[in-house]
Amino acid sequence: MSNPKCSARVFQDFRYYGCERSAKVDRDGKGYCKQHDPVYIAEKQRAREQAWDLKFADQAKAADRKRAERECCEAMLGDNFQLAIDLARYALGRSDVRPERNKP
Ligand SMILES: [Zn+2]
């Protein structure tokens, strides 16, 4: 590696400077410190996105269980007790099977 310093530019005190750390990895002929390694940055970004996806999947599931509570009440008022029981199980998290709304 010809340049022992990291190739990244960092913004500090309202201007850009070359990163002062020594290069630890070579990516396409440019050296980077661990913090500015493009592969490391991409892996961190991917992990962050996966964590967000999991969080939003949990929130969507919770919102659907909340909707099932209301549908359970409506099924009871419509004398559809089997659907009400299935919806109650789903709403309380005792079943992962989402009952169909227009079940006879
Ligand atoms: Zn750096």
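Below: a short report on this structure. Note that the coordinates shown come from a computational prediction; the quantities given were computed from them, not determined experimentally. (Residues numbered from 1 in each chain as written. Predicted model: local features only at pLDDT ≥ 70, side-chain atom pairs only at ≥ 80, totals over all residues.)

**Quick look at the overall build of the chain**
- Looking only at helices and strands, the chain has two helices and four strands in total.
- Ordered by position from N to C terminus, the α and β elements of the chain give β-β-β-β-α-α.
- Computed over the C-alpha atoms, the radius of gyration of the chain is 27 Å, more than 25% above the 13 Å expected from 2.2 N^0.38 for a compact globule of 104 residues.
- C-alpha atoms of the chain, sized along the principal axes, occupy 80 × 30 × 20 Å.
- Split into buried and exposed, the 104 residues of the chain put 15% on the buried side.
- For the chain, restricting intrachain contacts to residue pairs at least 6 apart in sequence, the fraction spanning at least 24 positions comes to 22%. (Helix = DSSP H or I, 4+ residues; strand = E, 2+ residues; numbered from the N terminus. Rg over C-alpha atoms; globule rule 2.2 N^0.38 Å. Buried ≥ 20, exposed ≤ 12 C-beta atoms within 10 Å, placed from the backbone. Contact = placed C-beta atoms within 7 Å.)

**Thoughts on the packing of helix α1 (residues 38-77) against helix α2 (residues 81-91)**
- At a minimum axis distance of 8 Å, the contact between α1 and α2 shows a crossing angle of 160 degrees. Compared by their axis directions, α1 and α2 come out roughly antiparallel. By crossing handedness, the relation of α1 to α2 is classed as left-handed. Contact residues: α1 offers R65, A68, E69, E71, C72, A75 and M76, while α2 offers F81, L83, A84, L87, A88, Y90 and A91. (Axes fitted to C-alpha atoms, helices over the stretch in contact; angles between N-to-C directions. Parallel < 35°, antiparallel > 145°, perpendicular 65-115°, else oblique. Left-handed = near helix turned anticlockwise from the far one by under 90°.)

**So, the nonpolar core**
- Within the largest apolar cluster, seven residues are counted, these being A68, C72, A75, L83, L87, Y90 and A91.
- For this core, the secondary-structure elements that each account for two or more residues are α1 and α2.
- Here this core takes four residues from α2, the largest share from any one element.
- In contact with A68, other than residues within four places in its own chain, are L87, Y90 and A91. (Core = buried A, V, L, I, M, F, W, Y, C linked by C-beta atoms within 7 Å.)

**Looking at α2**
- Of the positions making up α2, those classed as buried are L83, D86, L87, Y90 and A91. Each buried residue of α2 lies within a common arc of 135 degrees when the element is viewed along its axis, so the set occupies one face. Of the residues in α2, the exposed ones pointing more than 90 degrees away from the buried face are F81 and Q82.
- Once α2 finishes, G93 follows within two positions and takes phi at roughly 80 degrees, a positive value. (Arc of directions from axis to C-beta.)

**Considering unusual backbone geometry**
- One non-glycine residue, F14, adopts positive backbone phi at about 65 degrees.
- By the secondary structure assignment, F14 is in the loop between β1 (9-12) and β2 (15-18).
- Phi is positive for D28, which is not a glycine, with a value near 55 degrees.
- As for its placement among the helices and strands, D28 is situated in the loop between β3 (25-27) and β4 (30-32).

**Thoughts on the pairing of β1**
- Pairing of β1 with β2, which is carried by four bridges, proceeds in the antiparallel orientation. The residue of β2 that forms the bridge with F11 is Y16.
- Between the antiparallel neighbours β1 and β2 lie two residues, among them D13 with a positive phi of about 55 degrees. (Pairing = 2+ DSSP bridges.)

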